[in-house]
Amino acid sequence: MARPSQPAATAELTAASEASVGSAGPSAIAQALEAAEARLRSIMQTVPDAMIIIDDKGCIESLSATAERLFGYEQGEIAGRSINVLMPTPYREQHDAYMQRYLSTGERRIIGIGRIVVGQRKDGSTFPMHLTVCELRSGERHHFTGFIRDLTDQQLTESRLKELQSEVTHMSRYTALGEMASTLAHEINQPLTAISNYLKGTQRLLQRMQGDDAAILRDAVGKAADQALRAGHIIRRLREFVSRGESERLIESLPKLIEDASTLALVGARENAVAVAFRLDPQANLVLADRIQIQQVLVNLIRNAIEAMIEVETPRRLEIATVAGSDGLVEVTVADSGAGLAQEVARNLFQPFTTTKRKGMGLGLSICRTIVEAHGGRIWADARPAGGTVFHFTLRTAAEGEEAGDA
Amino acid sequence: MPNQVVHVIDDDADVRQSLAFLLSTAGLAVRVHDSATSFLQVLPEVHDGCVVTDIRMPGMDGLQLQRRLAELKPGLPVIVITGHGDVALAVDAMKAGAIDFIEKPFDDETLLTAIRAALARDARDSAREAQLAAIRTRLQALSEREREVLQGLVSGKANKVIAYNLGISARTVEVYRANVMTKMQADSLSELVRMVLSVGDAS
């Protein structure tokens, strides 16, 4: 299908004849030419990359079978046309000028460098691609070979990543709100409990006293206590409203949850030279979880782990592991080789507004605890024997003995 | 039982004290503890009563405390109170044997009812425990020979068989048997057997 048109073959011929001229006659030259052409043809047919050869006017001379498939053109219909049909406006209009500039100044913008550009298919659709251009010189003539890598899948991955990221970000804002409400509920419930207890106790004491005033006081104090309880109920409802929200627990694959979450959380980890190891127990597979919430817990723990290691020089090792327990729970651990936790930090680790970071609300781990506990699990941290910290949390498995009614 | 004490464990001093006030106005003896750990430290001195514990506390939390108590002092009733009424937590607490799970703030009668139920259960358990202790003491007062005869009786052997096994006369066995009945304060053979079985051991 790929028929190299004349000029490219001529380039090959020049090379071939330089090698053989002088020692052979004209028929040998013709043979060499034919062989070279056949070689080029088979390369263009079989090379897995999309490859396009153009001349110094920007006209397409030949393209590989992969390039034909990628752009939707056949060799026959595009050979001889300008390469700019393969790019969308405004690049299409500018391309000739680029080539002119290179040919007259020798200034390289893309040749031998490679960059990400946009290609256009025959049907008009565009796609991201990585383009590397090599120059081929034979005598006075220039040829250019373009190597093209389709980035569509890669970009899809990235956009999926962005999507995941925004889901989790949205959720973490949502959960941060829930956590605020929850913290508020807890903090206000405590004094309300004390108020109600004192009033009810006073009411009891007044019951033993005689006189009209005692009866009036008893009544008033009892009513005040009821108001404290009422405030408690309002807060409880607010909390239920915020926390029940969109939480939906389904049967999820734990390895998949970990894979997705670590993809998100490990963005940039390689740049910090963090070695990541996974040790996943095949028995710890299906769990009952709200996917986004548990991913949020994992992302939080992994990011914390990476941040804990940024400041140390020792080898940065992150280990994410799962173990299936016998009690219908699986344990997930995220271990870092950071400096470990200071005593006073460790003590209040999961309390809201506890933080070691300069900018941070200190809600991350508190949210993790809220989520894990709402899933019927526990979360805790301890020191790694070799230095660093291990965070553990448990989740209920969905495999067996699932209890009806409390999801 | 007059010696029963309600042990209140909450890290919030105000809640702790208000609970102590409320419970004392209801005529209950109260001791407050600021953490699970400090309660466990005085646990050896704790005898009759019940525990009212918060769930969320720094260090050991209420559920962990509940599990430790089940090991160290099984039978001591526990009531769990929480500012966070999570279903999952409530299920865990009840599964671990809590008498009740109460959300803060609570109506005093709700808590007092739970506490009275806990104390009643504890009293029943204590009375039973006291009875068992008495039986064990009596068993210990038996002589070697009396214990051997008792073992024979409990395993349903006739006097003659016991006599043969021990190499003594049937009359002597009868004397030992009467002594055992007296020392064990048993009115009948069946009561004697029930006593021995209740402590699970005749030796």
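Quick note: structure is the one above.
S.K.: Go over the interface of chain A and chain B, please, and point to the residues and values.
M.R.: At the interface, 32 residues of chain A touch 32 residues of chain B. In this assembly, chain A packs against chain B so that about 2900 Å² is buried in total across both faces, 47% of it on carbon and sulfur atoms. Of all residues in chain A, Gln190, Asn197 and Arg204 of chain A bury the most surface against chain B, accounting for 20% of the area lost on that side. Where chain A packs against chain B, one counts six salt bridges. Run the count over chain A and chain B and you get eight residue pairs in polar contact (both at pLDDT 80 or more). Those elements that provide at least two residues to the side of chain A that touches chain B are helix H6 (152-207), helix H7 (212-244) and helix H11 (364-374) of chain A. Take the side of chain A that touches chain B: its biggest share by element is 15 residues, from H6 of chain A. Residue composition of the side of chain A that touches chain B, grouped by class: seven nonpolar, twelve polar and 13 charged.

S.K.: Describe in detail the sheet that holds strand E7 (residues 274-279) of chain A, supporting the description with residues and values.
M.R.: Residue and element names in this part refer to chain A. Strand order in the open sheet formed by five strands is E7-E9-E10-E12-E11, and the pairing between neighbours is mixed. If you trace the sheet from one side to the other, it starts and ends with E7 and strand E11 (379-383), each paired once. The mean inter-strand angle of the sheet, taken between neighbouring strand axes irrespective of direction, is 15°. Across the sheet, helix H8 (residues 254-265) is in contact with E7, strand E9 (316-324), strand E10 (329-335) and strand E12 (389-396); its angle to E9 comes to roughly 160°.

S.K.: I'd like a rundown of the pattern of salt bridges, residues and numbers included.
M.R.: Residue and element names in this part refer to chain B. Applying the stated rule across the entire model yields 20 salt bridges over all chains. In this structure, the salt-bridge partner of aspartate 54 is lysine 104, at a minimum N-O distance of 3.4 Å. Note that aspartate 54 is positioned in strand E3 (residues 49-54) and lysine 104 in the loop between strand E5 (100-103) and helix H5 (108-140), a separation of 50 residues in sequence. Grouping residues by exposure puts aspartate 54 and lysine 104 together as buried.

S.K.: Outline the environment of histidine 142 of chain A, listing residues and values.
M.R.: Residue and element names in this part refer to chain A. Topologically, histidine 142 is positioned in strand E5 (residues 141-150). Judged by its relative accessible area of 15%, histidine 142 is buried. C-alpha separation for the pair histidine 142 and aspartate 56, spaced 86 residues apart in sequence, amounts to 5.3 Å. In contact with histidine 142, not counting residues within four places along its chain, are Asp55, Asp56, Leu103, Glu135, Leu136 and Arg137.

Procedures and definitions
- Along each chain, residue indices are assigned from 1 in the same order as the chain's sequence is written.
- Chains carry letters from A onward and ligands carry numbers from 1 onward, assigned in written order.
- The model is predicted, so local features are restricted to residues of pLDDT at least 70 and side-chain atom pairs to those at 80 or more, both for listing and for counting; the totals for chains, interfaces and linings are taken over all residues.
- Only hydrogens and water are set aside when side-chain values are computed; all heavy atoms of the structure are taken into account.
- Residues are treated as being in contact if the distance between any of their heavy atoms lies within 4.5 Å.
- Two parts placed together each lose some accessible area under a 1.4 Å probe, and adding up what both lose gives the buried area.
- In what follows, salt bridge is the name for a side-chain nitrogen of Lys or Arg lying within 4 Å of a carboxyl oxygen of Asp or Glu.
- Under this definition, polar contacts are N or O atom pairs within 3.5 Å; protein pairs additionally need one hydrogen-donor-capable and one acceptor-capable atom, and for neighbouring residues in sequence, both atoms have to be side-chain atoms.
- In this text, helices come from DSSP runs of H or I with a minimum length of four residues, and strands from runs of E with a minimum of two, each type numbered from the N-terminal end.
- Three classes are used: nonpolar for Ala, Val, Leu, Ile, Met, Phe, Trp, Tyr, Cys and Pro, charged for Asp, Glu, Lys and Arg, and polar for all others, with Gly counted as polar.
- Strands qualify as paired when DSSP identifies two bridges or more between them.
- Axes here refer to lines fitted to C-alpha atoms; in helices the fit is confined to the stretch in contact. Angles between the N-to-C directions go from 0 to 180 degrees.
- Classification of residues uses two cut-offs on accessible area relative to the type maximum, computed with a 1.4 Å probe and protein chains only: under 20% is buried, over 50% is exposed, and between them is partly exposed.

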